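Now for the letters of each chain:
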Amino acid sequence: MRACGIRQSNTCRQVVQARRDYLGPIRLGVKCIRRWVDVLDPRCARLNDEMTSLERVKAAYSLTEPDRIPVFPMVTYASGTPLGYTLREYCHDAKKMVRGQLHFQERFGHDFVLSFVDVWIFAEAAGVRLDFPDNNTPNPVESPVKTMEDVERLEVPDPRRDGRLPIIVEGIELLRREVGGNVAIYTGGQGPFSLAAEIRGLQAFLKDLYLNKELALKLVKFCTEYMIEMGRAEAEAGADIVHLGDAFAGPSLVSPTFFRDYAMPYDKLVFEQWKKEGVLTSLHICGKSTSIWDYMIETGAHNIEVDQTVDLAEAKRKVGGRVCLTGNLDPSAVIRYGTPADVEKKTRECIQAAAAEGGYVLSPGCVIMPGFPPANLDAVARVARESGRYAQRN
Ligand SMILES: [Zn+2]
């Protein structure tokens, strides 16, 4: 029996429902049960929950208070490492990706599963040749775009047919079958600015923005169309949240006016179309994004993901109530190289900074790489359970 497992067995659902139906008003009794369950097995924590993971995430994205703070570990290929998969295997096989995600979610009991591999999957399907080592992220070897004619020849890839894109779509369908409706299924694509930079080559693309703007913007528009199609396929397959990663458009690399003029309008177009498919949306920008928060909100995303270089309390002060915030434990210094005590301290600080009045998802600032100590993610889950419950529901 997998009463405590991720798949929300009937037993699990029945217990949660019974709590809602019969135990809800008996507050003292419920608190006692919570304590006992936590002591018996942290992975049984879902028995303490009044919402499913998906309900919890939806509440946060809608800027309200869930039963407790949702936890998003931002793990892709690192979830395949404990099962013996190389990074390359994980990124080339939907079934391995899904096994990694399910195993990981079962182990740590967080609120999301991801159908997502390396970010280069999108540029590759548009014609970028990659060198893909066994245990490292791929490197671009050759771009298909050198001239305007090359841009005009590009065709929007078919998410169900071209390159490795079907891995993401199939992954969503498999996850849907396993945990759909209970755990939030998260997927996505690349912001058109970043994807254009990946297809053309970053340096050449940035030069184009000064010297050959027509080519650069034609490529960004192609990427906009491409991402709209990608998100549609992901929504049709059953995704709950579709995100754009737009790291190259962030202030760590280009000025805020570049984001405003060449990234924000296109991210906005993509999100508008994705929302019509009924999915929640999220925007991930690495680095110190403080100077573009208003523009990030203007894209219309339900949620913005901020990394560890950002002051989370300042983010909450400035954008809280206007957009859901996700962040921002340091995935390297804290999650990878910290001790469980460091993780507990930093997790409490995040909760203190951003949890008030809901609209917050606890997560690392960026993707966690393989090799982190499992005890550190246990610590995140433990603190979220202990300190992340919203008062009116206790
Ligand atoms: Zn990032």
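Within each chain, residues carry numbers counting from 1 in the order of the written sequence. Confidence filtering applies because this is a predicted model: local features only for residues at pLDDT of at least 70, side-chain atom pairs given and counted only at 80 or more, and all residues used for totals across whole chains, interfaces and linings.

Check the secondary structure of the protein chain and you find 17 helices and nine strands. Three classes are used. A residue is buried when 20 or more other C-beta atoms lie within 10 Å of its own, exposed when 12 or fewer do, and partly exposed in between, with C-beta atoms placed from the backbone. Burial status across the protein chain gives 49% buried among its 394 residues. In this description a helix means any DSSP run of H or I spanning at least four residues, a strand means any run of E spanning at least two, and both kinds are numbered starting from the N terminus.

The next point concerns the nonpolar core. Judged by nonpolar contacts, the single largest core of 118 residues is most densely connected at Ala196, Leu219 and Val380. The element that contributes the greatest number of residues to this core is helix H11 (residues 213–237), accounting for 12 residues. Discounting residues that sit within four places of it in the chain, Leu219 has contacts with Val145, Val151, Ala196, Ile199 and Arg200. Linking buried Ala, Val, Leu, Ile, Met, Phe, Trp, Tyr and Cys residues through C-beta atoms within 7 Å yields a set, and such a set is a nonpolar core. Whether two residues are in contact is decided by their C-beta atoms, placed from the backbone, lying within 7 Å.

It is worth spelling out helix H16 (residues 340–354) at this point. Two residues of an α-helix separated by three or four positions point the same way, owing to the 3.6 residues in each turn. Here, expected helix span is obtained from the residue count minus one, scaled by 1.5 Å. With 15 residues, H16 extends 21 Å between its outermost C-alpha atoms, agreeing within 8% with the 21 Å of an ideal straight helix rising 1.5 Å per residue. The secondary structure elements touched by the buried residues of H16 are helix H14 (312–319), strand E8 (324–329), helix H15 (331–336), strand E9 (360–364) and helix H17 (374–387).

The parallel open sheet is built from seven strands, whose spatial order is E1-E4-E5-E6-E7-E8-E9. With one partner strand each, in any of the chains shown, strand E1 (112–114) and E9 form the two edges of the open sheet. Averaged over neighbouring strand pairs, the angle between their axes works out to 25° when direction is ignored. Across five bridges, the pairing between E8 and E9 is parallel. Note on E9: the bridge partner recorded for Gly327 is Leu362. Its contacts with the sheet put H16 on E8 and E9, and the angle it makes with E8 is roughly 155°. By the convention used here, strands pair only if DSSP detects at least 2 bridges between them. To get an axis, fit a line to the C-alpha atoms, keeping to the stretch in contact for a helix; angles then go from 0 to 180 degrees between the N-to-C directions.

Time to look at the confidence of the model for the protein chain. It should be kept in mind that the predicted coordinates are not to be read in detail where pLDDT is low. Residues of the protein chain with pLDDT of at least 70 account for 87%, and the chain-wide mean is 90. Segment residues 1–42 is flagged for pLDDT under 50; beyond a separation of four residues in sequence, or across chains, it makes 42 contacts in the model. Every residue is assigned a pLDDT by the predictor, reflecting its confidence on a scale from 0 to 100.

It is worth spelling out the pairing of E8 at this point. Looking along a regular strand, one sees side chains alternate from face to face of the sheet. The buried count for E8 comes to six of six residues, which makes it a mostly enclosed element. In this structure, strand E7 (residues 303–305) lies alongside E8, joined through three bridges in parallel fashion. Note that in E8 the partner of Ile304 across the bridge is Leu325.

Most of strand E6 (residues 280–284) sits inside the fold, with five of its five residues counted as buried. Burial along E6 is two-sided: Leu280, Ser282 and His284 facing one way and Thr281 and Leu283 facing the other are all buried. Across five bridges, strand E5 (residues 241–245) lies against E6 in parallel orientation. Counted as the bridge partner of Gly245 is His284 from E6. Crossover connection from E5 via helix H12 (residues 256–276) to parallel E6: handedness right-handed. Place the viewer so that the strands point away; then a crossover is right-handed whenever the path from the first strand over the helix to the second strand goes clockwise. In terms of handedness, the path from E6 via helix H13 (residues 293–298) over to E7 forms a crossover that is right-handed.

Another aspect to go through is the environment of Arg56. Assignment of secondary structure puts Arg56 in helix H3 (residues 53–61). Taking the C-alpha atoms as reference points, Arg56 and Val71, separated by 15 residues in sequence, lie 9.5 Å from one another. Those residues in contact with Arg56 that lie beyond four places of it in its chain are Met51, Pro66, Asp67, Pro70 and Asp111.

Here the residue pair Gly327 and Asn328 is connected by a cis peptide bond, since its omega of -20° sits within 30 degrees of zero. Within the chain, Leu63 stands out as a residue other than glycine whose phi angle is a positive 65°. Tracing the chain through its elements places Leu63 in the loop between H3 and helix H4 (87–90). Residue Met74 is not a glycine yet carries a positive backbone phi of 50°. Structurally, Met74 is set in the loop between H3 and H4. Note on Met74: 23 C-beta atoms within 10 Å, which makes it buried.

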